[in-house]
Amino acid sequence: MLSCGLPLRCVGPACPSGCLSCRFPLCGRSCHRRGVAAIVSDKLLQWYDAHARDLPWRARPAEPAPEPYRVWLSEVMLQQTTVAAVKPYFEAFTLRWPTVEQLAAAPEEDVMAAWAGLGYYSRARNLVKAARAVAELGAFPDTEEGLRELPGLGAYTAAAVAAIAFGRRAVVVDANVERVVTRLFNLTDPLPGVRKAIRTCADTITPEERAGDFAQAMMDLGSSICTAREPKCLLCPLANDCRARAEGDPAALPVKAPKKAKPVRQGRAFWLEHDGSVWLVRRDGKGMLGGMRALPDDGWSARGDGADNYPVDGAWQPLGLVRHTFTHFTIELSVERLFVDAPPPGAGLWWPTATIDEAGLPTLFAKAARLALA
Ligand code: SF4
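The name an unreviewed UniProt entry assigns to the protein chain is Adenine DNA glycosylase, from the organism Qipengyuania polymorpha. What UniProt records for the protein chain under Sequence similarities (unreviewed entry) is the sentence "Belongs to the Nth/MutY family." Database annotation for the protein chain, UniProt heading Catalytic activity (unreviewed entry): "Hydrolyzes free adenine bases from 7,8-dihydro-8-oxoguanine:adenine mismatched double-stranded DNA, leaving an apurinic site."

Structure representation (structure tokens):
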């Protein structure tokens, strides 16, 4: 087993390796490391058996593993998003496309529209590509390496699917696990530089058996006990093994490098209305929010403000501003309205304003629509 070189506190006589001489935190003996690691994973799995969260994509401890399709879909949806936000999307997707083959056969624009509101839309495009690759292969690859070959599957998702759906030993590190591990090992260097040490430490405590349950247990511990602001150390099954609790300040970890201020871009969104309908376009497939339905705009992007160009001349009426923050910038969008008799130049369609909620607009344009219809 690998070692991060940052040993846990000695557990003394309880050490199952029988290494009673390892009273010193820095003894570094492999029997010590193995013993402590086994104790940590055993305690965590016992806690998980009693306290695992009930989630629609999960199997209960000791039940057969969930289908890889459900694990993969949930893990893609959960990136950068909360469990509460994901649940209705997961239920809607699995109701509409119960198998990966059905998702693979769906038109991309339907999947994009169903994804609207979850953000990070490149994930939805990759979801379709990966589903089609799996359908062509006939099944999900059952190893981390095989899963990494699928479009859009990064190290985290491949490890999570390999461990949870296929029972492979894999080191699964999401934001919750990062938090638990930095505290458990009192890793005080700032993110993102400390990630390598986090991974090495997580590796030392990942068991050979039940690696999927272990990963989910770490996630659950991070979300319910080892929380960002006020960790509930008195309820924690790992309290006696936690270096930050013994020596440091758990709530101060992980240390984050100071964030750079995000640039603020200015742009316009155009609400062209005709006979109870609004003109919608489909955004360029390669750019920001690519492939999504949207209001026409003046060409703003992450790199610059809009160009002030209107789709048609007329007495445009400013309706107000909407503000939305993306990963790298914030956009302030002036929403302007014009009633017209004919469609503007270029491709698009009239969408009834009464059913605008069903158009699959991404959050920014959904906000603009709410403003226009207020
Ligand atoms: S003892 Fe506290 S800080 Fe340490 S892992 Fe448990 S909840 Fe987190």
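Moving on, we come to the overall build of the protein chain. When you go through the protein chain residue by residue, the secondary structure sums to 13 helices and 6 strands. Each principal axis of the C-alpha distribution contributes one length, and for the protein chain these read about 85 × 45 × 30 Å. Across the 374 residues that make up the protein chain, the buried fraction comes to 37%. Relative to all contacts within the protein chain whose residues are 6 or more apart in sequence, the contacts with residues 24 or more apart total 65%.

Attention now moves to the site of the ligand. Close contacts around the ligand come from 14 residues, with Cys226, Cys233, Cys236, Cys242 and Pro250 the closest. Elements represented by at least two residues in the shell around the ligand include exactly helix H9 (175–184) and helix H12 (243–247). Per-element tally for the shell around the ligand: the top contributor is H9, with 3 residues. Counted by class, the shell around the ligand contains 12 nonpolar, no polar and 2 charged residues.

Here the focus is unusual backbone geometry. Here the bond from leucine 191 into proline 192 is cis, since omega is 0°, no more than 30 degrees from zero. In this structure, proline 192 sits in the loop between H9 and helix H10 (195–205). Geometrically, the link from leucine 253 to proline 254 is a cis peptide bond, its omega value of -5° lying close to zero. Look at asparagine 186: it is not a glycine, yet its phi comes out positive at around 50°. One non-glycine residue with positive phi stands out, namely leucine 289, at about 55°. Relative to the elements of secondary structure, leucine 289 occurs in the loop between strand S2 (277–282) and strand S3 (293–294). For leucine 289, a count of 20 C-beta atoms within 10 Å translates into the label buried.

The domains assigned to the protein chain are domain 1 (41–252) and domain 2 (264–373). Computed from C-alpha coordinates alone, the two centres of domain 1 and domain 2 are separated by 35 Å. Facing 10 residues of domain 1, the contacting portion of domain 2 comprises 9 residues. It is helix H5 (residues 108–115) that contributes the most residues to the side of domain 1 that touches domain 2, 5 residues altogether. Tallied by class, the residues present in the side of domain 1 that touches domain 2 amount to 5 nonpolar, 2 polar and 3 charged.

On average, residues of the protein chain score 90 in pLDDT, and 90% of them are at 70 or above. Averaged pLDDT values for the elements of the protein chain fall to 81 in helix H1 (residues 30–51) and rise to 98 in helix H4 (residues 100–105). For the stretch residues 1–31, pLDDT sits under 50, and the model shows 58 contacts to residues farther than four places along the chain or on other chains.

Cut-offs and rules
Residues numbered from 1 in each chain as written. Predicted model: local features only at pLDDT ≥ 70, side-chain atom pairs only at ≥ 80, totals over all residues. UniProt positions renumbered as here; feature names shortened; annotations may be inferred. Helix = DSSP H or I, 4+ residues; strand = E, 2+ residues; numbered from the N terminus. Buried ≥ 20, exposed ≤ 12 C-beta atoms within 10 Å, placed from the backbone. Contact = placed C-beta atoms within 7 Å. Near = placed C-beta within 6 Å. Nonpolar A, V, L, I, M, F, W, Y, C, P; charged D, E, K, R; others polar. Domains from an automatic or database assignment. pLDDT = per-residue confidence, 0-100.

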